[in-house]
Amino acid sequence: MTHIDAGAELDPVHPIPVPERAAGLTGAEVAERVARGEVNDVPVRSSRSLTEIVRANVFTRFNAIIGVLWLIMLFVAPIQDSLFGFVIIANTGIGIIQEWRAKQTLDSLAVIGEAKPTVRRDGAAVEISTSGIVLGDLIEIGPGDKIVVDGTCAEADGLEIDESLLTGEADPVVKRAGDQVMSGSFVVAGGGAFTATKVGREAYAAQLAEEASRFTLVQSELRSGISTILKYVQWMMIPTAIGLVISQLVDKNHGFKDSIARTVGGIVPMVPEGLVLLTSVAFAIGVIRLGRQQCLVQELPAIEGLARIDTVCLDKTGTLTEGGMDVAELRPLGGADETYVRKVLGALGESDPRPNASLQAIIDAYPDSEEWRCTESLPFSSARKYSGAAFSEGDGTDSAWLLGAPDVLLPAGDPALAEVEDLNQQGLRVLLLARVARDLENPRVKEGAKPAALVVLEQRLRPDAADTLRYFAEQDVKAKVISGDNAVSVGAVAGKLGLTGAENTVDARTLPKDQSEMADALDAGTVFGRVTPQQKRDMVAALQSHGHTVAMTGDGVNDVLALKDADIGVSMGSGSEATRAVAQIVLLNNSFATLPSVVAEGRRVIGNITRVATLFLVKTVYSVLLALLVVCFQVEYPFLPRHLTLLSTLTIGVPAFFLALAPNKERAQPHFVRRVMRYAIPGGAVAGTATFVMYMIARHYYSGSGALDAETSSATLTLFLISMWVLAIVARPYTWWRICLVAAMGLGFLLVLVVPWLQDFFALKLVGSVMPWTAVGVAVVAAAALELLWKWVGRRFPA
């Protein structure tokens, strides 16, 4: 028992006798240390600054291409020929706003939180901000307090600290005066004070957090694929633009502005500008949808990344389990009466004012019996491995009891220990309740203890964890449980959740150092225990070396480096500040069950973007082909930018927006560029060839001053009908809303052809009936060719 001198003055914050405690630094000493810069200032950013965000979104290859052409058109043509340029503003604005909102949320989850530690200065206990701590400060700590800087323990009264966020070890560590305490850990029992020895960037948790939180972009196949396409388009545009300028200015006797307008009209549709915008919109809407489920996405492409994973590494604590434990079973021993044992346990729970997790589980399971009165108590100690209490029972009988580790309270060879070992193999925690005859203060109190019952405890599993693991198994995503706890215990927890292969437990201390050999062991195993923070990082790298796309979940400082190196890092909102800052995805509601929603959202985005990208790249291909044919045949370019803006809006932009947001549960497939281009190249070739053939037919049919406008209108009708057929193919399989969408786009073009002011605005007017019907005939032939060609491509070049 702990005795406190009745004459000693007690500190209002912690029960430490004032006469024995140090006074801490003086005001002058604090000022001197501040002047020397020995303060806990850790200016670690959790994301890019606003300037960096704006720069990254404004100065892109896409904006450079379209921006230059837009400026040219603003000077040489009417505003309707410059509509394409407004895509720059929309795309850039979406990117900046989304990332800025994510930054604001992340900054609120700073690496070193807004804890208000209690510091002794001039003999008084005062609360200050974390950044106000200086080297040598004496910081008071009690149950639940976080260790915010590294230090040396100066005072300890039953002080126990949980270092699981640093080491992965679940059991608390007893600290005595002179012991080291590390930032990132926290107090679970007792109280005391420590002297700050490392502050600011020198503190352990700050070093980990700073290395981990340097801004890195999520690898995105969509983003890199689109960037690759834009790069090739950029190089194709240079010779094409030169050829168009020569053919329109030198070989044809047209006005300068009209020639420039038609030249730009031939270049602009080569750039799939809507695809970049649509990708940003689809990701942004995905972020909003996930935000409603309390899931914070730091970067737009992180949704895509999680949808592509084939391996997810799970930390047991905080991911598969939640705080606290439950009583799984009560096993009376030696013929003890179970009803009586329950009363004893209830009374023991009531006797401790600061119960640990194990005792709290007993309190929850067995309510106190009011007729029992505690006459003496012995608090739990990690050094002793047991606690105890003496009672005056309701009938006047006196009894004394101990509750603790069976292998400590029982002699070696006791029959009950075999039963305990069997339970330990199942990953369960076992406590022994024993009756003693000696006074609790007697150092030999446990000798002769008579076993009364085994209390079997199990960790509290997350109710949604089993369903989530089942979802990953169905989606062929391998789950690897990586923990600092005992491997057998972790395997038992995973087994209860139905994880396939949970019986294949591996002690990480036996893993080979060689990366290739470690990767083989990781592929073979499922559950890994006694894993160090550095090993977690090495394990992620080993899995990636075997071609796996790895997601890592975690909630502790010991996870931050592995989270950073993984393809996608996922943190619980209740985890350490460091993990929340470096993870691309933060589950603010602490629900592991949110992950399937993120995967599904990513698959919706990827599947739909891959689908609609075909629309955009068909336009790129036919635009390049048309420009080359115009140069080769030395004729006027058939379209102005306004014509292609109209076609792009009706056959690509508007329908693609709706198609990109539609439900889609297809698995995310690799090779984005190849999958899209295998259809875009033949589709664009058919569309470009058919349109140019119709244009040449119209050139031979029409003559006079308005011939070029009539030829352009016939070519535009042909290209629209072929593009509509491409849309009809991409929109399959049909649903009622997809049919309505395609029909609405057709009606929109019809409206332009029949409303006079729209005819004038878009410079479209069909002349006569021969050429318009010829255009329809050419489009029908091209549509049939598209159907046959795409079916052949699907068989010849499977993805």
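Refer to the structure above for everything that follows.
Below, the structure is looked at part by part. The structure displayed is predicted, hence computed values, not measured ones. (Residues numbered from 1 in each chain as written. Predicted model: local features only at pLDDT ≥ 70, side-chain atom pairs only at ≥ 80, totals over all residues. Heavy atoms only, no water.)

Describing the overall build of the protein
Secondary structure assignment for the protein yields 27 helices and 21 strands. Buried positions account for 54% of the 799 residues belonging to the protein. Expressed as a percentage of contacts within the protein between residues at least 6 apart in sequence, the contacts between residues at least 24 apart total 72%. (Helix = DSSP H or I, 4+ residues; strand = E, 2+ residues; numbered from the N terminus. Buried < 20%, exposed > 50% of the residue type's maximum accessible area, 1.4 Å probe, protein only. Contact = heavy atoms within 4.5 Å.)

Some details on the pairing of strand 13 (residues 398-404)
When you tally the buried positions in strand 13, you get 6 out of 7 residues, the bulk of the element. With 7 bridges joining them, strand 12 (residues 386-392) and strand 13 adopt antiparallel strand pairing. Across the sheet, G388 pairs through a bridge with L402, a residue of strand 13. In the sheet, strand 13 pairs with strand 14 (residues 429-436) via 5 bridges, with the strands oriented antiparallel. Across the sheet, the residue bridging to L403 is L433, located in strand 14. (Pairing = 2+ DSSP bridges.)

Focus on the nonpolar core
Counting residues in each nonpolar core, the largest one holds 131 residues, and the members touching the most others are L306, F472, I585, F592 and I609. Per-element accounting of this core gives the leading share, 18 residues, to helix 21 (residues 595-633). Setting aside chain neighbours within four positions, we find L306 in contact with A551, I568, I585, L595, V598 and V599. (Core = buried A, V, L, I, M, F, W, Y, C linked by side-chain atoms within 4.5 Å.)

A closer look at unusual backbone geometry
Residue P733 follows R732 across a cis peptide bond; omega there is -5 degrees. Relative to the helices and strands, P733 is located in the loop between helix 24 (707-730) and helix 25 (736-754). The phi dihedral of D476 falls on the positive side, at around 60 degrees, and the residue is not glycine.

With respect to the environment of G569
Tracing the backbone shows G569 in strand 20 (residues 568-572). As a C-alpha pair, G569 and V550 span 19 residues in sequence and 8.7 Å in three-dimensional space. The contact partners of G569, leaving out residues within four places of it in the chain, are M552, L563, A583, Q584 and I585.

Focus: the packing of aromatic side chains
The final tally for this structure, using the stated rule, is 11 aromatic pairs. Seen from their ring centres, Y637 and F639 are 6.1 Å apart, and the 75 degrees between their planes marks the pair as edge-to-face. Judged by its relative accessible area of 0%, F639 falls in the buried class. Taking the centre distance of 5.4 Å and the plane angle of 55 degrees together, the rings of Y679 and W790 count as tilted. In this pair, Y679 is assigned in helix 23 (residues 672-701) and W790 in helix 27 (residues 770-796), connecting sequence segments 111 residues apart. The structure contains a cluster of three or more aromatic residues connected by ring pairs, namely Y340, W372, F391 and W401. (Phe/Tyr/Trp six-rings, centres within 6.5 Å; stacked < 30°, edge-to-face > 60°.)

A word on a nonpolar patch on the surface
On the surface, L71, L74, F75, I79, L83, F86 and I89 cluster together to form a nonpolar patch covering roughly 690 Å² of accessible area. Looking at the element boundaries, L71 is found in helix 3 (residues 61-76). Exposure remark for L71: the relative accessible area of 49% places this residue in the partly exposed category. (Patch = residues over 30% accessible without salt bridge, like charges linked within 9 Å, V, L, I, M, F, W, Y side chains within 5 Å. Areas by Shrake-Rupley, 256 points an atom, 1.4 Å probe, with all protein chains shown as cover. Salt bridge = Lys/Arg side-chain N within 4 Å of Asp/Glu carboxyl O.)

Points about the sheet that holds strand 21 (residues 585-587)
One key point about sheets: their strands pair by backbone hydrogen bonds, in either a parallel or an antiparallel sense. The mixed open sheet is built from 8 strands, whose spatial order is 8-21-20-19-9-16-18-17. Here the strands that pair on one side only, and so sit at the sheet edges, are strand 8 (295-297) and strand 17 (505-507). The average angle at which neighbouring strand axes cross in this sheet is 20 degrees, direction not considered. Of the strand pairs in this sheet, strand 20 and strand 21 are connected by 3 bridges, and their pairing is parallel. When the bridges of strand 21 are listed, V570 appears paired with I585. Here helix 18 (residues 533-545) sits on the sheet and contacts strand 9 (311-314), strand 16 (478-482), strand 18 (527-529) and strand 19 (550-554); the angle it forms with strand 19, its principal contact strand, is near 160 degrees. (Axes fitted to C-alpha atoms, helices over the stretch in contact; angles between N-to-C directions.)

Considerations on the pairing of strand 20
For strand 20, the tally of buried residues reaches 5 of 5 residues, placing the bulk of the element in the interior. Going residue by residue along strand 20, you find I568, V570 and M572 tucked away on one face and G569 and S571 tucked away on the opposite face as well. Two elements, strand 19 and strand 20, share 4 bridges in a ladder whose sense is parallel. Its bridge partner being in strand 20, T553 is matched across the sheet by V570.

Side note on the packing of helix 21 against helix 22 (residues 641-660)
At a minimum axis distance of 9 Å, the contact between helix 21 and helix 22 shows a crossing angle of 175 degrees. What the angle tells us is that helix 21 and helix 22 run roughly antiparallel. Between helix 21 and helix 22, the residues in contact are R604, N608, I609, V612, L615, F616 and K619 and S648, T651, I652, A656, L659 and A660, respectively. Residue classes in the contact of helix 21 with helix 22 are distributed as 8 nonpolar, 3 polar and 2 charged. (Parallel < 35°, antiparallel > 145°, perpendicular 65-115°, else oblique. Nonpolar A, V, L, I, M, F, W, Y, C, P; charged D, E, K, R; others polar.)

So, a negative patch on the surface
There is a patch of like negative charges on the surface, built from D514, E517, D520 and D523. Residue classification places D520 among the partly exposed residues on the basis of a relative accessible area of 42%. (Lys, Arg positive; Asp, Glu negative; His and termini not counted. Charge placed at Lys NZ, Arg CZ, Asp CG, Glu CD.)

Observations regarding the environment of I681
Locating I681 in the fold gives a position in helix 23. Given the relative accessible area of 47%, I681 is considered partly exposed. Along the primary structure I681 and L617 are separated by 64 residues, whereas in three dimensions their C-alpha atoms are 7.8 Å apart.

Notes on the pattern of salt bridges
Taken as a whole and judged by the stated rule, the model has 17 salt bridges. The residue R120 makes a salt bridge to E140 at a minimum N-O spacing of 2.6 Å. Taken together, the positions of R120 in strand 1 (residues 118-121) and E140 in strand 3 (residues 138-141) put the pair 20 residues apart, joining distant regions of the chain. Judged by its relative accessible area of 2%, E140 is buried. Close ionic contact of E329 with R331 constitutes a salt bridge, the shortest N to O distance being 2.8 Å. Taken together, the salt bridges that share partners define one network made up of E32, R36 and E38.

Concerning helix 15 (residues 465-474)
When we look at burial in helix 15, the residues that qualify are A465, A466, T468, L469, Y471 and F472. On its buried face, helix 15 is in contact with strand 9, strand 16 and helix 21. Positive backbone phi, approximately 60 degrees, marks D476, located one or two places after helix 15.

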